[in-house]
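Residue-level structural notes
In case you want the letters, here they are:
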Amino acid sequence: MTARLACFDLDNTLIDRDGAFLAWARWWVDRSGLGADAVEWLVAHDNGGFTPRAQLFAGAREAFGVVTSVEELVAAYDREHPGFTWVEPAVLDGLASLSTAGWRVAVVTNGNVVQQSRKLEHTGIAGAVDYCCISEAAGVRKPDARIFAIAAEGAGATLADGWMVGDHPPYDIAGGINAKLSTIRIGDHHDVPTPIADHHLMSVVDAFPVILAS
Ligand SMILES: [Mg+2]
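Residues numbered from 1 in each chain as written. Predicted model: local features only at pLDDT ≥ 70, side-chain atom pairs only at ≥ 80, totals over all residues. Heavy atoms only, no water.

Quick look at the layout of surface pockets now. Roughly 700 Å³ of internal volume is contained in the largest pocket. As for the largest pocket, its lining consists of 36 residues, of which Asp11, Gly48, Gly49, Phe50 and Asn110 are closest to the centre. Those elements that provide at least two residues to the lining of the largest pocket are helix H1 (17–31), helix H2 (36–46), helix H4 (70–80), helix H6 (113–123) and helix H9 (169–178). The leading source of residues in the lining of the largest pocket is H1, at 4 residues. Class assignment for the residues of the lining of the largest pocket results in 9 nonpolar, 15 polar and 12 charged. For the lining of the largest pocket, the domains that each give at least three residues are domain 1 (3–15 + 86–212) and domain 2 (17–84). Taken as a whole, the second largest pocket holds about 240 Å³ of empty space. Along the wall of the second largest pocket there are 16 residues; nearest its centre are Thr13, Leu14, Ile15, Asp16 and Glu88. Tallied by class, the residues present in the lining of the second largest pocket amount to 9 nonpolar, 5 polar and 2 charged. (1 Å grid on protein atoms, 1.4 Å probe; cavity = no way out; pocket = protein on both sides within 12 Å on 5 of 7 lines; lining within 4 Å. Points joined across faces, edges and corners; volume = space filled by probe spheres on them. Helix = DSSP H or I, 4+ residues; strand = E, 2+ residues; numbered from the N terminus. Nonpolar A, V, L, I, M, F, W, Y, C, P; charged D, E, K, R; others polar. Domains from an automatic or database assignment.)

See the structure below:
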């Protein structure tokens, strides 16, 4: 029998990505000698990470007179921001409980390889799952069903009777539905509430027992 697959989004699902961005912003603003209003500006323009980083840093240069080039700022961010990410021990315990029960576990994340792989390594999530599928490397993004097929193959699992857990309805939940997975939406990070997931929970920690009971 082929193992079933549980897929998880990374940012604002397995990790508090917005919390990590705030921690990075405070550090970067302090190091750059900017005022506290720069932290507020960065958080306001970050858009949960969906504003392209080149656009974000071009705006920051304009607003605060930063002289470093956009290219250097983005490259430094990709190196430095992952160091501010963390994972709750209960999340690693939940991932381990799935593995113990015979599930294969994959991270399926839209993003660039440098940034996402550093976050996965820094938090220890990379070592706690069977496969990490990063869209830039896969050449396809959520909500395209093909990224889930790649994850299943990488994890050595079938998509049948599997799950997708994520915070972003148009990417994570739509993607899960496209791949014929059951879906769990985490939190209220996004204004667009559709498509509707099978379950809507406030913390990923509560998703593990739902999957284990299925
Ligand atoms: Mg997310």
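Below, the discussion takes up the coordination of the magnesium ion. Taken together, the protein donors to the magnesium ion comprise Asp9 (OD), Asp11 (O) and Asp167 (OD), at separations of 2.1 to 2.2 Å. Its relative accessible area of 17% is what places Asp11 among the buried residues. (Donors = N, O, S within 2.8 Å, 3.2 Å for Na, K, Ca; no water. Buried < 20%, exposed > 50% of the residue type's maximum accessible area, 1.4 Å probe, protein only.)

Along the chain, Lys142 connects to Pro143 via a cis peptide bond; the corresponding omega equals 15°. Note that Pro143 resides in the loop between helix H7 (135–138) and helix H8 (146–155). With an omega of 0°, the peptide bond between Thr194 and Pro195 qualifies as cis. Here Pro195 shows up in the loop between strand E5 (182–186) and strand E6 (199–201). For Asn12, which is not a glycine, the phi torsion comes out positive at approximately 60°. By relative accessible area, Asn12 is classed as buried at 8%. Of note in this structure, Asn47 is not a glycine but carries a positive phi near 55°. Of note, Asn47 is situated in the loop between H2 and helix H3 (53–64).

Inspection of the entire model under this criterion finds 11 aromatic pairs. For the pair Trp24 and Phe57, a centre-to-centre distance of 6.0 Å together with 90° between the ring planes defines the contact as edge-to-face. Here Phe57 lies in helix H3 and Trp24 lies in helix H1, a separation of 33 residues in the sequence. Of the two residues examined, Trp24 and Phe57, each falls in the buried class. Among the aromatic residues, ring-to-ring pairing joins Phe21, Trp24, Trp28, Phe57 and Tyr77 into one connected group. (Phe/Tyr/Trp six-rings, centres within 6.5 Å; stacked < 30°, edge-to-face > 60°.)

Here the focus is the pattern of salt bridges. Inspection of every chain in the model, using the stated rule, returns 9 salt bridges. Between Lys119 and Asp11 there is a salt bridge, and its shortest N-O distance comes to 2.9 Å. Of the two residues, Lys119 sits in helix H6 while Asp11 sits in the loop between strand E1 (3–8) and H1, which places them 108 residues apart along the sequence. Judged by its relative accessible area of 2%, Lys119 is buried. Between Arg185 and Asp188 there is a salt bridge; the shortest N-O distance is 3.7 Å. (Salt bridge = Lys/Arg side-chain N within 4 Å of Asp/Glu carboxyl O.)

Bringing the domain arrangement of the protein into the picture now. Examined at the domain level, the protein breaks down into domain 1 (3–15 + 86–212) and domain 2 (17–84). If you average the C-alpha positions of domain 1 and of domain 2, the two centres end up 26 Å apart. Approximately 1000 Å² of surface area, both sides summed, lies buried where domain 1 meets domain 2, with 56% of it carried by carbon and sulfur atoms. The interface formed by domain 1 and domain 2 includes 0 salt bridges. Here domain 1 and domain 2 share 6 residue pairs in polar contact (both at pLDDT 80 or more) between them. Looking at the side of domain 1 that touches domain 2 residue by residue, the class counts come to 4 nonpolar, 7 polar and 3 charged. (Buried area = accessible area lost by both parts, 1.4 Å probe. Polar contact = N/O pair within 3.5 Å; in protein donor to acceptor, adjacent residues only side chain to side chain.)

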